[in-house]
Amino acid sequence: MSEIVLIFHFMIVLFFIAGFFIGLVWNQSMFRYIHAGGLGGITLLMVLRIPCPLTLLEESLRNQSYEGSFLATWLNHILYLEWFDPLHVLIANVLFMTLVLSSFWWHPVKKVIQK
């Protein structure tokens with residue numbers, strides 16, 4: 001079960017990374033607002049040093065005796081960026097959040113015309 005949570009967690013991370021580029025190309029207001037709002041929430045969790053709820057769920061399901069599969073092991077290494085200092089991860093997240101928010105200025109959301 002923890003592998004399912006890990007894969008879901010990884011897919012959310014991919015959404016936040018790829019969603020920026022998809023949002024710029026597709027330029028739908030709801031998609032961009034959900035993307036920016038979710039990223040803002042994650043950035044707030046990181047700044048306040050509150051653990052991600054998915055991480056807590058995964059750890060509780062793992063029960064510390066978890067060996068995991070090859071896929072889960074590598075997803076875990078990639079997702080939690082074990083080779084980076086936590087401060088550097090926070091700085092990268094804040095810079096990415098700044099880029100996403102600035103995109104609303106240099107690539108405005110497409111206005112929906114009501115009929």
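Description of the structure in this document.

1. Let's talk about the overall build of the protein chain
When helices and strands are tallied, the protein chain shows five helices and zero strands. When its helices and strands are written in sequence order, the protein chain yields α-α-α-α-α. Here the protein chain holds 115 residues, and the buried ones make up 25% of them. For the protein chain, the share of sequence-separated contacts (at least 6 apart) that also reach a separation of at least 24 residues comes to 77%. Element-wise, carbon and sulfur atoms account for 73% of the exposed surface of the protein chain, whose accessible area totals about 8300 Å².

2. Considerations on the pattern of salt bridges
For the structure on display, the rule yields one salt bridge. As a salt-bridge pair, E58 and R62 come within 2.2 Å of each other at their nearest N and O atoms. Remark: R62 and E58 occur in helix α3 (residues 53-62); sequence separation between them is four residues, near one turn of the helix. The class for E58 is buried, based on a relative accessible area of 2%.

3. Let's talk about empty space enclosed by the protein
Per the stated rule, a full pass over the model turns up one cavity of 30 Å³ or more. Its boundaries defined by the atoms lining it, the largest cavity holds a volume of some 60 Å³. Forming the walls of the largest cavity are G19, F20, G23, L24, F31, R32, H35, V100, S103 and F104. Every element with two or more residues in the lining of the largest cavity is listed here: α1 (2-26), α2 (29-47) and α5 (86-106). In terms of residue count, α1 provides more of the lining of the largest cavity than any other element does, four residues in total. Residue classes in the lining of the largest cavity are distributed as five nonpolar, four polar and one charged.

4. What about α3?
By the burial criterion, the buried members of α3 are L54, T55 and E58. Along the axis of α3, the buried positions cluster into a sector of 100°, meaning they face one direction only. Taken from the residues just after α3, N63 is the one with a positive phi, measuring 60°.

5. Focus on the nonpolar core
The biggest cluster of nonpolar side chains holds seven residues, and these are F16, F20, L24, A36, L39, M97 and V100. If you list the elements that add at least two residues to this core, you get α1, α2 and α5. Tallying contributions element by element places α1 first for this core, with three residues. Look past the residues within four positions of L24 in its chain and what remains in contact with it is R32, S103, W106 and H107. One finds F10, A72, L75 and L79 within the second-largest nonpolar core, a separate group that totals five residues.

So, how was this worked out
Residues numbered from 1 in each chain as written. Predicted model: local features only at pLDDT ≥ 70, side-chain atom pairs only at ≥ 80, totals over all residues. Heavy atoms only, no water. Helix = DSSP H or I, 4+ residues; strand = E, 2+ residues; numbered from the N terminus. Buried < 20%, exposed > 50% of the residue type's maximum accessible area, 1.4 Å probe, protein only. Contact = heavy atoms within 4.5 Å. Areas by Shrake-Rupley, 256 points an atom, 1.4 Å probe, with all protein chains shown as cover. Salt bridge = Lys/Arg side-chain N within 4 Å of Asp/Glu carboxyl O. 1 Å grid on protein atoms, 1.4 Å probe; cavity = no way out; pocket = protein on both sides within 12 Å on 5 of 7 lines; lining within 4 Å. Points joined across faces, edges and corners; volume = space filled by probe spheres on them. Nonpolar A, V, L, I, M, F, W, Y, C, P; charged D, E, K, R; others polar. Arc of directions from axis to C-beta. Core = buried A, V, L, I, M, F, W, Y, C linked by side-chain atoms within 4.5 Å.

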